[in-house]
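Chain residues, written in single-letter form:
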Amino acid sequence: MNFRQHHQDAFNKMETPVWNRVSLPNELFPKPNYKVEASITSDSDYVNVTAFCDAIDSDDSIAQLEFTAKKQLGPVFKHYINGYANAGYVVKSTSKAFKPPVVDIHYVLGGETHTLIDNHVIIAEAGAKLDVIIDYHVEKSDYNKSENTLEQTAHYGMTHIFAKRGSRVRVFKLQRLNKSAYHFDQVFASVEESAVVDVFDVQVGSQFKAISHEFDLKGRHSEGHIKSIYFGDQDSKLDLSFTMNHRGKKSNSSILSKGALDSNALKVFRGNLFFETGASQSVGKEEEFVMLLGDNIKSDSIPALMCAEDDVIGAHAASVGQVDLNKLFYLMSRGFSEIEAKKLVIKASFEEILSDVPYEAFRVTVAHEVDRRVC
Amino acid sequence: MTSDIIKIRDLKSSVAGQQILKGINLDIKAGEIHVIMGPNGAGKSTLANVLMGHPAHTVDAGEVTFMSKDLLAMKVDERAKTGLFLSFQYPEEVPGVTVENFLRTAKKEVAGIMPMALSFKKELQSNMEMLNMDSKYLERYLNQGFSGGEKKKNEILQMAVLKPKLAILDETDSGLDIDAIRVVYESVQKLSSADNAILIITHYNKILSYITPDYVHVLVDGRIVRSGDVSLAEEIESKGYEQREW
Amino acid sequence: MNKESGDDMAKKSYIEEVDRGVYDIINREDHKYKAAKGLTEEIIREISREKDEPAWMLDYRLKSLEIFNAKPMPTWGADLSELDMDNIVHYVRPNTGMSTSWDDVPDDIKQTFDRLGIPEAERKSLAGVGAQYDSEVVYHSMRDDLKAKGVVYTDMDSAVKSYEGIVRKYFMTMITNRDHKFSALHGAVWSGGSFVYVPEGIEVDFPLQSYFRLNAKGAGQFEHTLIVVEKNASLHFIEGCSAPKYSVQNLHAGAVELFVKEGAKLRYSTIENWSRNMYNLNTKRCMVEKNGKIEWVSGSFGSKVSMLYPMSILKGEGASSEFTGITFAAKGQYLDTGTKVVHAAPNTTSIVNSKSISKDGGHAFYRGLLRVTPNAINVKSTVNCESLMLDNQSKSDTLPIIEIGNAKVDIGHEAKIGRISDDTIFYLMSRGISEAEAKAMIVRGFVEPITKELPLEYAVELNNLINLELEGTIG
């Protein structure tokens, strides 16, 4: 049976799951009868890009996609995305140039296309480098339209990263869909010996967003880093789950999340560090900072350190607190309006992560989106 | 009549397969003060750690006789009991263990008997006075939350209590302000006597204003490339290590 | 760091089982009454009849039994599949009545407590002592001056009769029989425990102490502790628990309900050293009114399985809670411990300091909850969890859940897992301290924040325990 059919069958046998902390919206899992094309650019001859739908039949690496994750959005999402994907690419790099090649992927929702189901596979061959930017947004003409005149937009996505020995992969994800959109996204990274994978995850749009990223640090000296930024505005719900699974010796990981919650936004953060027996001399750190702006927010943090190896360093820190009123007051005394001051404070808190993004356009877009959305 | 404290012969060591000490020879006799200088990465701190027996370092060759015993055959605590002391460049923080409790335990181990509580406390207090340390430090957890200067003073306090035969001071001046450096080295000078010896590791020439060494050695790339008296240190001060005429 | 040359320092060997000394001495069973195995309505009625209880209590027991039978076993946390509920004798009463003079306590029971140092503890400046042997309290005494001030310290069974009004007002109102399977079980079969009432404004200047001892084979201990500290009063209560070792599993499902009124202060210290076949599924909760304060000091060392999360409900404005806990999981032990704090009023504060050590295949799990309700503004809380692993056969997990319902909060959390650093051992050894002593020193230093909160005899006991546990772990 072919790949899609297998997953469609599995999906159709399953029921919509029930989530505890953040209840799922209704009317999930539409089955679009169209494909979504991204605008995609690549700046290197050593990068090969194939549409996922074409690759399913021709590329053996797709067959490895059965990933046993400890934490994920759930099998329903996996089967749905694999079975009904209408977008996505397989990106393979063999480039060993000093400057990593960049693949820039933009998905624009709007008009007839309001459901995007993408399946990405990112492969860096041994010693290769690769940067991939994936940007989800709506058409500019929709920016100022009232939300209830728009069709329900939704994105369901899955990205597998295979970082072979000694490779270096960075993925920059930016989600800036319209205010009522749904966004489900998961990343699975398999990191081999001495390979390094960084995922930047920026969430500024959508009403409902559920993110689950998991790294399998299976190689010696493998490294994984997740840097997450989010802004939760009115009625928004966010469920973030980041997992580092240390299996290789001397593996190294970090999870850093910085967010701001406004109005009545709801957020759940789950950070998981697993150290399996044998992952000696590994170091894992997770840090979460939440800035609270709205009066009716709800912020849950569930950090877990699960350790079956003594020769490791595992650490977690969280700090959740109200926006510094003195700082706001200071800025306002210098002529900033309250909103402008808020914007400034939020952007400043994101800066620690954004300053590590080497792409100016990406940084500027995030800043614009914050300016546009904070009110 | 001088007696040997330590004799180092052709000492070679490595860390994770990389050779650092490439054949050190050094004799130190009772009553002497030696200074080892050298550029960063030359192996100065390695020499100190190898002598104390740090587990990360592997001795590949050489012999070290300390107080007529085979130093390299001894465990770390045995070296201390035999009279070797290392003032750490970065002293470890040990939460939950008070300075006083730690000093008493160490003194008991090194002296072989539990020190008398009252006289021990008196001795501690006079040493702390010398080092310009507040006696409230005795109640604090070992090195936890200490500033750089406090940590170094605490090291010298331990030296004063344990009365070693050979004290190695590894970059004890680094991270200290001028006042603290003066207090520390004046204390070290006071602690030096006819039957012990001191080995100072530093890259800071100014210490010569506070303490007078008998010998100065220059360590470059894992070897002692020159030895002399105080004038050698002055020469380095004017020319720097980069004048590689040695 | 080069491990090969560090062999001397990294070497580890293991000891099979710590000699728990006096804790493991088993007394001949000599009971007045021993209920048949398993749990039926008939047993519940017998228990109540034996105790000559008021009808409302029997009703509560029977209702609880119904709930117990209906509720499934919890599936999270510890593996309870080996716990055979039918095989545990729920109610065992020693062959003696309660006495207030130590001389009247039967010799074998007296010997046990003598070995544990109980009357000795009393001599050493305690305000009162209670001792429970199996299900019943066998000994109770309290200083006369406190009695005169209206302080009540007696066993729960007597309190149900002598202080029925107070008991009825508070009993199982905070921990109800609907909360979980083991609170239902407790409601059905509870027996013994301490009752303390401190009237308004009275400061009890010395600790009250109770000691629980489970002697009968395969028995359950379901003591109920109820403490009410009235307005502006204060109390320090110490609870110690132990049981000898049998090959049959024992179950402990006690309940502790603490009520701290406006401006009152309560410190509740527990040292739990149950034998290593014990399932310790205990529930403890404290309600704190305006400006009141609860301090938990909790040490968990024994048992095969523990699931224990003392909970503070900060109900009144300005209430505060402080939790200091240490868990030491050795071979064959799964200790799932932690604390829950609910900030339900403005300006409430909490501090959590938890430490755990796991060795020899032991599994220490910190599970915590910090909840701030939407109305509870200006809340401050810090949570610290530190775990020390002594080898890689052991496991250590940390799961502190934080739920925040409003923006005017200041919450900080930190957790760390690791082992003793080779550099720290090297540093201590360079001062002449042997490797074994260096390790013991570091571990003692690690638990020092807990030991310094304990009364001296418990601190000494804890240090002895650590020395025992560490003996032989060094090669």
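Look up: the structure comes first, before these words.
Below is a summary of the structure that appears in this document. Keep in mind the model is a prediction, meaning the values are calculated, not measured.

1. Things to note about the overall build of chain B
Step number 1: A tally of helices and strands in chain B yields seven helices and 12 strands.
Step number 2: Its C-alpha atoms give chain B principal-axis dimensions of roughly 55 × 40 × 40 Å.
Step number 3: Scored against the burial criterion, the 246 residues of chain B give a buried share of 43%.
Step number 4: Look at the contacts in chain B between residues 6 or more apart in sequence, and 72% of them connect residues 24 or more apart.

2. Let's talk about helix α1 (residues 44–52) of chain B
Residues and elements named next belong to chain B.
Step number 1: By the criterion of burial, α1 is predominantly enclosed, with nine of the nine residues buried.
Step number 2: Inspection of α1 places Lys 44, Ser 45, Thr 46, Leu 47, Ala 48, Asn 49, Val 50, Leu 51 and Met 52 among the buried residues, and these make up the whole buried set.
Step number 3: Taken from the residues just after α1, Gly 53 is the one with a positive phi, measuring 95°.

3. Some thoughts on unusual backbone geometry
All names here are of chain B.
Step number 1: Its identity as a non-glycine residue notwithstanding, Met 67 has a phi of 50°, on the positive side.
Step number 2: Checked against the element boundaries, Met 67 lands in the loop between β4 (57–66) and β5 (69–70).
Step number 3: Of note in this structure, Ser 68 is not a glycine but carries a positive phi near 65°.
Step number 4: Along the chain, the position of Ser 68 falls in the loop between β4 and β5.

4. Quick notes on the environment of C:Asp422
All names here are of chain C.
Step number 1: For Asp 422, the location among the structural elements is in helix α10 (residues 422–429).
Step number 2: Of the residues examined, Asp 422 has 17 C-beta atoms within 10 Å and is grouped as partly exposed.
Step number 3: On a C-alpha basis, the gap between Asp 422 and Ile 67 in space is 53 Å, while along the polypeptide they are 355 residues apart.

5. Observations regarding the sheet that holds β5(B)
Residue and element names in this part refer to chain B.
Step number 1: Pairing is antiparallel in the open sheet, where four strands are placed in the order β2-β1-β4-β5. Where the open sheet ends on each side, the last strands, each with one partner, are β2 (18–29) and β5.
Step number 2: As judged from the nine bridges shared by strand β1 (residues 4–15) and β2, these two strands associate in the antiparallel manner. Bridging from a neighbouring strand, Ser 14 pairs with Gln 19 of β2.

6. Describing the interface of chain B and chain C
Step number 1: Contacts between the two partners involve 27 residues from chain B and, on the opposite side, 25 residues from chain C.
Step number 2: Listed by contribution, the elements that provide at least two residues to the side of chain B that touches chain C are β4, α2 (76–82), β7 (94–98), α3 (99–111) and α5 (148–162) of chain B.
Step number 3: Here the residues of the side of chain B that touches chain C are counted per class, giving 16 nonpolar, six polar and five charged.

7. Observations concerning the interface of chain A and chain C
Step number 1: In this complex, chain A contributes 31 residues to the contact, which on the side of chain C involves 30 residues.
Step number 2: Of all elements in the fold, only β17 (298–307) and β18 (312–322) of chain A reach the threshold of two or more residues within the side of chain A that touches chain C.
Step number 3: In terms of residue count, β18(A) provides more of the side of chain A that touches chain C than any other element does, 11 residues in total.
Step number 4: Each residue belonging to the side of chain A that touches chain C can be placed in one class, and the counts come to 16 nonpolar, nine polar and six charged.

8. Points about the packing of helix α4 (residues 325–333) of chain A against helix α5 (residues 338–354) of chain A
Two quantities define a packed helix pair, namely the angle between the helix axes and the distance between the axes.
All names here are of chain A.
Step number 1: For the pair α4 and α5, the least separation of the axes is 9 Å and the interaxial angle reads 125°. Put simply, α4 runs oblique to α5. Along this stretch, α4 crosses α5, giving a crossing that reads as right-handed. Seen from α4, the contacting residues are Lys 327, Leu 328, Leu 331 and Met 332; seen from α5, they are Glu 338, Ala 341, Leu 344 and Val 345.
Step number 2: Its residues placed into classes, the contact of α4 with α5 shows six nonpolar, no polar and two charged.

9. What about the pairing of strand β13 (residues 265–273) of chain C?
Residues and elements named next belong to chain C.
Step number 1: Extensive coverage of β13 is indicated by the burial of seven of its nine residues.
Step number 2: With eight bridges joining them, β13 and strand β16 (residues 293–300) adopt parallel strand pairing. For Ser 269, the partnering residue across the bridge sits in β16 and is Val 297.

10. A few points about the pairing of strand β6 (residues 84–87) of chain B
All names here are of chain B.
Step number 1: The two faces of β6 match: Leu 84 and Leu 86 on one face and Phe 85 and Ser 87 on the other face are all buried.
Step number 2: For β6 and strand β9 (residues 166–170), the ladder comprises four bridges, and the chain directions are parallel. Note that in β9 the partner of Ser 87 across the bridge is Leu 169.

11. So, the sheet that holds strand β12 (residues 223–228) of chain B
Residues and elements named next belong to chain B.
Step number 1: Within the open sheet, the six strands sit side by side as β6-β9-β10-β3-β11-β12. Their pairing is mixed. A single partner strand is all that each edge strand has here, and the edge strands are β6 and β12. On average, each strand axis in the sheet is tilted by 20° relative to the strand beside it, whichever way the strands run.
Step number 2: Taken together, the four bridges between strand β3 (residues 33–37) and strand β11 (residues 215–220) define a ladder with parallel strand orientation. Within the sheet, the bridge partner assigned to Met 37 lies in β11 and is Val 218.

12. Observations concerning the nonpolar core
Step number 1: Counting 288 residues, the largest nonpolar core has B:Leu166, B:Ile168, C:Val229 and C:Val260 as its most contacted members.
Step number 2: No other element matches helix α11 (residues 435–451) of chain C, which puts eight residues into this core.

Cut-offs and rules
- Residues numbered from 1 in each chain as written.
- Chains lettered and ligands numbered in written order.
- Predicted model: local features only at pLDDT ≥ 70, side-chain atom pairs only at ≥ 80, totals over all residues.
- Helix = DSSP H or I, 4+ residues; strand = E, 2+ residues; numbered from the N terminus.
- Buried ≥ 20, exposed ≤ 12 C-beta atoms within 10 Å, placed from the backbone.
- Contact = placed C-beta atoms within 7 Å.
- Pairing = 2+ DSSP bridges.
- Nonpolar A, V, L, I, M, F, W, Y, C, P; charged D, E, K, R; others polar.
- Axes fitted to C-alpha atoms, helices over the stretch in contact; angles between N-to-C directions.
- Parallel < 35°, antiparallel > 145°, perpendicular 65-115°, else oblique.
- Left-handed = near helix turned anticlockwise from the far one by under 90°.
- Core = buried A, V, L, I, M, F, W, Y, C linked by C-beta atoms within 7 Å.

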